[in-house]
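# Structural description and commentary
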Amino acid sequence: MVIGCNAVSWAPSVEPGSLVDQPSGQRPNHIKRFVSGGCDNLVKIWREDDNQWKEDQKLEAHSDWVRDVAWTSSIGLPTSTIASCSQDGSVYTWTCDDAAMSSWIPKLLHKFNDVVWHVSWSITANILPVSGGDNKVLSHVRAHRPL
């Protein structure tokens, strides 16, 4: 059975923290990844491997269709963070601290009484505006961890 994809968001093109942790003269490693959200209630991370896009991770927390996903910029930060929202009214952030991006930790940011349509990080990745079916836009502020 084919189930639809509702949203995609590109990952930063370099690994978290790699721009500040590189030895002098060495270029950061560029990795092509994106995140998707779909009608299967999953957040999926995709990775380019040998010029093919392959599903790398399935992240489970939502109980209904994932309506939107947004990957933060990670320039200078030692972590990767994704936000996702759902038909079930939940907004999650997913955080990963390891360079292999194998262990994502979900955190319920907020549970609304209506569908949540969109999430979008600010350019500094510390504010997350959220829009929903109740005709409101709310912003959640997230503090960065020290480097």
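To keep things clear, this report deals only with the structure shown in the data block. Please read these numbers as outputs of a predicted model, since none were measured by experiment. (Residues numbered from 1 in each chain as written. Predicted model: local features only at pLDDT ≥ 70, side-chain atom pairs only at ≥ 80, totals over all residues. Heavy atoms only, no water.)

### Comments concerning the nonpolar core
The biggest cluster of nonpolar side chains holds 15 residues, and the ones touching the most others in it are Val35, Val43, Ile45, Trp71, Ile82, Trp94 and Trp104. When residues of this core are traced back to their parent elements, those giving at least two are β3 (42-49), β5 (66-71) and β7 (90-96). Ignoring sequence-local partners within four residues, the contact set of Ile82 consists of Val35, Ile45, Ala70, Trp71, Tyr92, Thr93, Trp94, Trp104 and Trp121. Residues Ala70, Cys85, Val91 and Val130 belong to the second largest nonpolar core, which totals ten residues. (Core = buried A, V, L, I, M, F, W, Y, C linked by side-chain atoms within 4.5 Å. Buried < 20%, exposed > 50% of the residue type's maximum accessible area, 1.4 Å probe, protein only. Helix = DSSP H or I, 4+ residues; strand = E, 2+ residues; numbered from the N terminus. Contact = heavy atoms within 4.5 Å.)

### Here's the deal with the sheet that holds β7
In spatial order, the strands read β5-β6-β7-β8; together these four strands make up an open sheet with antiparallel pairing. Whereas interior strands pair on both sides, the edge strands pair on one side only; in this sheet they are β5 and β8 (105-111). Averaged over all pairs of adjacent strands, the angle between strand axes in this sheet comes to 20 degrees, irrespective of strand direction. Pairing between β5 and strand β6 (residues 80-86): five bridges, direction antiparallel. Its bridge partner being in β6, Val66 is matched across the sheet by Ser86. (Pairing = 2+ DSSP bridges. Axes fitted to C-alpha atoms, helices over the stretch in contact; angles between N-to-C directions.)

### Brief notes about the packing of aromatic side chains
The final tally for this structure, using the stated rule, is six aromatic pairs. Measuring from centroid to centroid gives 5.9 Å for Trp10 and Phe34, while their planes differ by 70 degrees, and the two rings are edge-to-face. In this pair, Trp10 is assigned in strand β1 (residues 5-10) and Phe34 in strand β2 (residues 33-38), connecting sequence segments 24 residues apart. Trp10 gets classed as exposed once you look at its relative accessible area, which sits at 57%. Considering the side-chain rings of Tyr92 and Trp94, the 5.9 Å spacing of their centres and the 35 degrees angle between planes classify their relative orientation as tilted. Taking relative accessible area as the criterion, Trp94 reaches 2% and is therefore assigned buried. An aromatic cluster is defined as three or more aromatic residues linked by ring pairs; in this entry it consists of Trp10, Phe34, Trp46 and Trp53. (Phe/Tyr/Trp six-rings, centres within 6.5 Å; stacked < 30°, edge-to-face > 60°.)

### With respect to the pattern of salt bridges
Evaluation of the coordinates by the stated rule reveals five salt bridges. The salt bridge partner of Asp49 is Lys54, with a shortest N-O separation of 3.9 Å. According to the relative accessible area criterion, Asp49 is partly exposed, its value standing at 35%. When its relative accessible area of 39% is taken as the criterion, Lys54 is described as partly exposed. (Salt bridge = Lys/Arg side-chain N within 4 Å of Asp/Glu carboxyl O.)

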